[in-house]
Amino acid sequence: MTKNLVLVVEDDSSVRNLITTTLKTNDYKYITAENGMSAIAAAATHNPDIILLDLGLPDIDGVQVIERVRTWSEMPIVVISARSEDNDKIAALDAGADDYITKPFSVAELLARLRVMRRRLNAVANPDRSAVFVNGNLRIDFSASCAYLGDSELHLTPIEFKLLCLLAKNVGKVLTHTYITQNVWGSSWDNDVASLRVYMATLRKKLENEQGAQEYIQTHVGIGYRMVKVD
Ligand code: CA
């Protein structure tokens, strides 16, 4: 496998060094940028496989960097933010970021996120246009509007099925409450977010009812949900 090229955008040199050292010792290639404008330029020139993007940059906001990059590329973007920046995180995901890491983070966490992005890269390179989605024991037949867990069919309401399909089609990616409610209900009022929570709880119960069942749906408190690739 060829080494993935990661663009590291971070103005704090100690964090940048931690990240680049981790990348170097784990078989990634990298380039760095210390502000938003040079990040956009580097993304355009080098076409990296993955961007690790700090949100608090000295010139323009990280969210603006995402918006600019998304005008021409779907390259995976992982946002790095301080714990106090939850709203920025949501704005970043809504602008098209794929995932986020909260500072301070561990090397293990960074590597885990990068592995998820690598899988997303493969998925983008080899788009699965088949009508059937498989993830561990979960199988969704989009054309027949049926979902199965192992051999048994899941009895889902139309909204639960829509939610499940949306998560599956974006497997590995964190979807914000707003993104989900807009796609499922066509709006994003506060009471949609409240009902989303209820629908998600019942959907999850149906997916994970056996003892020791795998977790398919991750909750990101205050942010949204992600379907995890389990195999
Ligand atoms: Ca910063």
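Now for a look at the structure at hand. (Residues numbered from 1 in each chain as written. Predicted model: local features only at pLDDT ≥ 70, side-chain atom pairs only at ≥ 80, totals over all residues. Heavy atoms only, no water.)

**Considering the pairing of strand β7 (residues 138-141)**
Piece 1. In this structure, strand β6 (residues 132-135) lies alongside β7, joined through four bridges in antiparallel fashion. Each residue of the ladder has a partner; that of F133, found in β7, is I140.
Piece 2. Connecting the antiparallel pair β6 and β7 is a turn made up of two residues, with G136 showing a positive phi of about 60°.
Piece 3. Relative to strand β8 (residues 146-149), β7 runs antiparallel, the two being bridged by four bridges. Among the inter-strand pairings, I140 is bridged to a residue of β8, identified as A147.
Piece 4. Between β7 and β8, which pair antiparallel and follow one another directly, the connecting turn spans four residues, one of which, S145, has a positive phi of 55°. (Pairing = 2+ DSSP bridges. Helix = DSSP H or I, 4+ residues; strand = E, 2+ residues; numbered from the N terminus.)

**Some remarks on the nonpolar core**
Piece 1. Judged by nonpolar contacts, the single largest core of 29 residues is most densely connected at L7, V9, I51, L53, V65 and I66.
Piece 2. Among residues more than four places away in sequence, those in contact with I66 are L53, I77, V79, A92, A95, G96 and A97.
Piece 3. One finds L149, C165, L175 and M200 within the second-largest nonpolar core, a separate group that totals 25 residues. (Core = buried A, V, L, I, M, F, W, Y, C linked by side-chain atoms within 4.5 Å. Buried < 20%, exposed > 50% of the residue type's maximum accessible area, 1.4 Å probe, protein only. Contact = heavy atoms within 4.5 Å.)

**Concerning the coordination of the calcium ion**
Piece 1. On the protein side, the calcium ion has D11 (OD), D54 (OD) and G56 (O) as donor atoms, found 2.2 to 2.4 Å from it.
Piece 2. Considered as a linear motif, the donors of the calcium ion on their single chain read D-x42-D-x1-G. Here D11 is found in the loop between β1 (5-9) and α1 (13-25), whereas its partner D54 is found in strand β3 (residues 50-54), with 43 residues between them in sequence.
Piece 3. By relative accessible area, which is 34% here, D11 ends up partly exposed. (Donors = N, O, S within 2.8 Å, 3.2 Å for Na, K, Ca; no water.)

**Some thoughts on helix α4 (residues 86-95)**
Piece 1. Listed in full, the buried residues belonging to α4 are K89, I90, A92, L93 and A95.
Piece 2. Each element contacted by the buried residues of α4 is listed here: α3 (62-69), β4 (77-82), β5 (99-103) and β10 (175-176).
Piece 3. One or two positions beyond α4, positive phi appears at G96, with a value near 120°.

**Let's talk about the sheet that holds strand β11 (residues 217-220)**
Piece 1. In space, the three strands of this open sheet follow the order β10-β12-β11, with antiparallel pairing throughout. For this open sheet the edge positions go to β10 and β11, each flanked by a neighbour on one side alone.
Piece 2. In this structure, β10 lies alongside strand β12 (residues 224-227), joined through two bridges in antiparallel fashion. Looking at the pairing, T176 lines up with G224 of β12.
Piece 3. Helix α6 (residues 158-169) contacts β10, β11 and β12 of the sheet and is inclined by roughly 70° relative to β12. (Axes fitted to C-alpha atoms, helices over the stretch in contact; angles between N-to-C directions.)

**As for the side chain of R113**
Piece 1. Mapped onto the secondary structure, R113 falls in helix α5 (residues 107-125).
Piece 2. For R113, a relative accessible area of 17% corresponds to the buried category.
Piece 3. Within the structure, R113 has its side chain in polar contact with the side chain of D99 (distance 3.3 Å).
Piece 4. In contact with R113, other than residues within four places in its own chain, are D99, Y100, I101 and R226. (Polar contact = N/O pair within 3.5 Å; in protein donor to acceptor, adjacent residues only side chain to side chain.)

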